[in-house]
Amino acid sequence: MIEKIDGVINAISGFLYQPYIVPLILIAAGLYFTIRTGLMQFSLFGESIRVVSEKPKDKKSISSFGALMVSTASRVGTGNIIGVSTAICLGGFGAIFWMWVTAILGGASAFVESTLAQIYKKKDVDGTSYGGPSYYMQDALKQRWLGVIFAIVLILTYVVGYNMLASFNTQDTFSGFSFYDAKTTPIIIGAILAVLFAASVLGGGKRLTKITGVLVPVMGMLYVLVSLIVVIMNIGAIPVVFKNIFVSAFDFKAIFGGFTGSCMMWGIKRGLYSNEAGMGSAPNAAATAEVSHPVKQGLVQMLSVFIDTLLICTATALMCMCANPEGLNADVAGAAYVQQSMGIALGDFGPIFIAAAMSLFAFTTLIGNYYYCEGCLKFIFKRSPSKTFILIFRLAATALVFVGAILSAGLVWDTADMLQAFMVIINVPVILILGKTAFAALKDYKRQRANGDDPVFKASSIGLEGKTDCWE
């Protein structure tokens, strides 16, 4: 039964990642947004670093940095380690180049979708704000039905696809240790993750969540530092690694001769899994930030994409390809290749460090992923769901964390790939239609900055008077 389900999901996923569907949508939209915003990934990169440190006037409100950490908690995780390993083992060195392309172009897409989420966000009774793609589909596009479909797909992607995958990748990280038993270890690790997850989402784990909120940035920096040390230890391999990346990336005969297994497809697929640009997930966090101008949070979310892929994913790729270029093959795709590479470079410490990093990243990914879902439920029901419904939903989400650890690699990866593709297919056309609103907001922001002002947004300044809840 499971094999039949996997076969269907694999077929759907394979179809969606044909060159003329998800890859074309992502690259074409990213190029369009990049051109329309005046190469903002480069021209406004310094500005994105400046605004991320701004604090809200109301201490109870969520800052730009706070919203960045929520979206980064979801982004930075198993995709940065296992996802990168899978991409280069199955797609070759050139997959990294296409991950970079996805991130650079995706930065502009992330800016547009997050700016739109800020413009059309809602005020809650306690003064905080909320929103996301479902809300701009409802209020700007006037298509509530589409917002409901998107909310449902997002919930399925994160609670089913991504959380099961995070759980599987965590237990898979321990597969290289002598104590690992294929029958019992996944069950034990899945149970531990499920208990920790339940402790957080059922209300008793606030302190645990706060602790990981501090540890994730620290572990992220430590992970990049260790990766850099490994690269320096193998500095002589750098020229060959970069040569292999670019030669493989531009072997178009090989790419289009078998696209589904090419470096381009794997780079785009795993780049999307890692940075989520254009999917419509991060805007749910972006809408909660208290900023004086929507563009500020759009810039912050663009920065998040760069941190995720250009920094952390690249650190993983260079570390592995410098330390263990000969070990690159499909048989070790996933945790095994990273563990082998770290073992070669740092001895017994390497695999232990990766297992610890993966465990922490996976847990915060589980919580970050879940964070998006209750907001979507509120949109679907037009109110907060009943306590009974939420309890059942949280228990179901907990069960899926456990189940993910004991399923096959093929099924969990295919499920996540398929569901994230559905999010792209719904969200990207919408932000292409609504993009002119984000462009107008950017023009307004630049005008105020040119005058030496700290930009403050008014809906009337771009012709939206009476059409927003928070900017009148």
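Residues numbered from 1 in each chain as written. Predicted model: local features only at pLDDT ≥ 70, side-chain atom pairs only at ≥ 80, totals over all residues. Heavy atoms only, no water.

Undergrad: Go over the overall build of the protein with me, naming the residues and quoting the values.
TA: Of regular secondary structure, the protein possesses 20 helices and two strands. Taking 23 Å as the expected radius of gyration for a compact globule of 472 residues, we find that the protein reaches 21 Å, a close match to that expectation. With the C-alpha coordinates aligned to their principal axes, the bounding extent of the protein is approximately 60 × 50 × 40 Å. Out of the 472 residues in the protein, the part that is buried amounts to 58%. Pairs at least 24 residues apart make up 81% of the contacts formed inside the protein by residues separated by at least 6 positions. Carbon and sulfur atoms make up 68% of the accessible area of the protein, which totals about 18700 Å². (Helix = DSSP H or I, 4+ residues; strand = E, 2+ residues; numbered from the N terminus. Rg over C-alpha atoms; globule rule 2.2 N^0.38 Å. Buried < 20%, exposed > 50% of the residue type's maximum accessible area, 1.4 Å probe, protein only. Contact = heavy atoms within 4.5 Å. Areas by Shrake-Rupley, 256 points an atom, 1.4 Å probe, with all protein chains shown as cover.)

Undergrad: Give me the packing of helix H17 (residues 335-346) against helix H18 (residues 349-381): which residues, what numbers.
TA: It is at 6 Å that the axes of H17 and H18 come closest, and there the two elements cross at 135°. It follows that H17 is oblique to H18 by the angle criterion. Residues Val338, Gln339, Met342, Gly343 and Leu346 of H17 touch H18, and the partners they reach there are Phe349, Gly350, Pro351, Phe353, Ile354 and Ala355. A breakdown of the residues in the contact of H17 with H18 according to their chemical character gives eight nonpolar, three polar and no charged. (Axes fitted to C-alpha atoms, helices over the stretch in contact; angles between N-to-C directions. Parallel < 35°, antiparallel > 145°, perpendicular 65-115°, else oblique. Nonpolar A, V, L, I, M, F, W, Y, C, P; charged D, E, K, R; others polar.)

Undergrad: Go over the packing of aromatic side chains, please, and point to the residues and values.
TA: Using the criterion set out here, one finds 23 aromatic pairs in the structure. With a centroid separation of 6.3 Å and an interplanar angle of 10°, the aromatic rings of tyrosine 223 and phenylalanine 353 are classed as stacked. On the criterion of sequence distance, the pair formed by tyrosine 223 in helix H11 (residues 206-233) and phenylalanine 353 in helix H18 is long-range, its members being 130 residues apart. With respect to class, tyrosine 223 is no different from phenylalanine 353; both count as buried. These aromatic residues form a ring-pair network of at least three members: Phe97, Trp98, Trp100, Phe242, Phe246 and Phe250. The aromatic ring of phenylalanine 379 is capped on one face by arginine 144, whose charged end is 4.6 Å from the ring centroid. (Phe/Tyr/Trp six-rings, centres within 6.5 Å; stacked < 30°, edge-to-face > 60°. Lys NZ or Arg CZ within 6 Å of the ring centre and 35° of its normal.)

None of this, on its own, says anything about what the molecule does.
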